[in-house]
Amino acid sequence: MRIDMTEIILLLILGAAIASDLRWRTIPNWLTGPSILVGLGLHTVMNQLSGFVFGLEGAVLGLGLFLVMYLLGWMGAGDVKLYAAVGSFLGPAQTISAAVVIALVGGLLALVMLGFNQGWRKMGLWLWSYVQATVLTGSVQRMTPGQGTALKVPYAVAIGLGTIGSYWWYPFG
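Throughout what follows, the structure given in this document is the object of discussion. (Residues numbered from 1 in each chain as written. Predicted model: local features only at pLDDT ≥ 70, side-chain atom pairs only at ≥ 80, totals over all residues. Heavy atoms only, no water.)

## Let's talk about the overall build of the chain
For clarity, the cut-off: Secondary structure elements are defined from DSSP: runs of H or I of at least 4 residues count as helices, runs of E of at least 2 residues count as strands, and each element is numbered from the N terminus. Burial here depends on accessible area, computed with a 1.4 Å probe over protein chains only, as a share of the maximum for the residue type. Under 20% is buried, over 50% is exposed, and the range in between is partly exposed. For this analysis, residues touch if any pair of their heavy atoms sits within 4.5 Å. Computed by Shrake-Rupley with a 1.4 Å probe, the accessible areas treat only the displayed protein chains as cover when residues are assessed. Charge counting follows a simple rule: Lys and Arg are positive, Asp and Glu are negative, and His as well as the terminal groups are ignored. Taken as the charge location is NZ of Lys, CZ of Arg, CG of Asp or CD of Glu.
A tally of regular secondary structure across the chain gives 5 helices and 0 strands. Going from the N terminus to the C terminus, the chain shows its helices and strands as α-α-α-α-α. Considering only C-alpha atoms, the chain reaches an extent of 55 × 35 × 30 Å along its principal axes. The 173 residues of the chain split such that 35% are buried. In the chain, the share of contacts with a sequence separation of at least 24, taken over all contacts with a separation of at least 6, comes to 71%. If you sum the accessible surface of the chain, you get close to 10000 Å²; carbon and sulfur atoms cover 71% of it. One way to put it: in the chain the 8 positive side-chain charges average out to a point 19 Å from where the 5 negative ones average out.

Right, dumping it as structure tokens:
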């Protein structure tokens, strides 16, 4: 597998976002905004108008996919803007592919964090009761793992690992 300059720049952006999210639990606008422009600019330079459209479609799709989760209160605005930046690099098809991998990585990351924060046995019991309630009612239940606790997952980690993982699992390419 050959890595090109576009992918190296994307890796640097993801690394900076992960470091910031782990350290300060925020992804700064000074990183996400220019990153979108860089993704669009690189594709425009390489492929003119079709490259610009490719990057713009990826950015809008990335923004739209994660905006829904932001509006539901499941993630922060920085995560949404970071994924718009990632989309500007990946284009529309791989943005969808990466979103699937990111969701899987994010769910696994949340379970691991829950296990470490609340204890593995308690997490297992909570998960089992969640599955039972969902199966019995036939609809997805909204449950929290503990009273008054909100698990804050540094989602830039999931976005970074899922984006990298999507290069190995990319059904459209």
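Next, the rest of the story.
## Examining the packing of aromatic side chains
What counts is decided by this rule: Pairing of aromatic rings covers Phe, Tyr and Trp, the last counted by its six-membered ring, and requires centre-to-centre distances within 6.5 Å; plane angles under 30 degrees mean stacked, over 60 mean edge-to-face, and any other angle means tilted.
A complete count under the given rule lists 3 aromatic pairs for this structure. For the ring pair Phe 116 and Trp 120, a centre distance of 5.3 Å and an interplane angle of 70° mean the geometry is edge-to-face. Residue classification places Phe 116 among the exposed residues on the basis of a relative accessible area of 62%. Ring pairs connect the aromatic residues Phe 66, Tyr 83 and Tyr 155, which therefore count as one cluster.

## Structural notes on the packing of helix H1 (residues 5-24) against helix H2 (residues 29-71)
Note the following rule: Angles run from 0 to 180 degrees between N-to-C directions of axes, and those axes are lines fitted to C-alpha atoms, restricted for helices to the stretch in contact. Oblique is the label for any angle not under 35 degrees, not over 145, and not in the 65 to 115 range, which are roughly parallel, roughly antiparallel and roughly perpendicular in turn. Under the convention adopted here, Pro, Cys and the residues Ala, Val, Leu, Ile, Met, Phe, Trp and Tyr are nonpolar, Asp, Glu, Lys and Arg are charged, and Gly plus all remaining residues are polar.
Packing of H1 against H2 leaves a shortest axis separation of 11 Å and a crossing angle of 175°. As the angle between them shows, H1 and H2 are arranged roughly antiparallel. Of H2, the residues touching H1 (which contributes Thr 6, Ile 9, Ile 13, Ala 16 and Ala 17) are Leu 31, Ser 35, Val 38, Leu 42 and Met 46. Classifying every residue of the contact of H1 with H2 gives 8 nonpolar, 2 polar and no charged.

## A word on the packing of helix H3 (residues 77-118) against helix H5 (residues 155-166)
Two elements in contact, H3 and H5, have axes separated by 6 Å at closest approach and are oriented at 110°. Compared by their axis directions, H3 and H5 come out roughly perpendicular. Within the contact of H3 with H5, the residues separate by chemical class into 16 nonpolar, 7 polar and 1 charged.

## Notes on unusual backbone geometry
Notably, Arg 25 is not glycine yet its phi reads approximately 60°, a positive angle. Tracing the backbone through its elements, the reader meets Arg 25 in the loop between H1 and H2. Residue Arg 25 is classed as partly exposed on the basis of its relative accessible area, which comes to 45%. At Gln 48, a position not held by glycine, the phi torsion is positive, near 55°. Looking at the secondary structure, you find Gln 48 in helix H2. On the accessibility criterion, Gln 48 (53% relative accessible area) is exposed.

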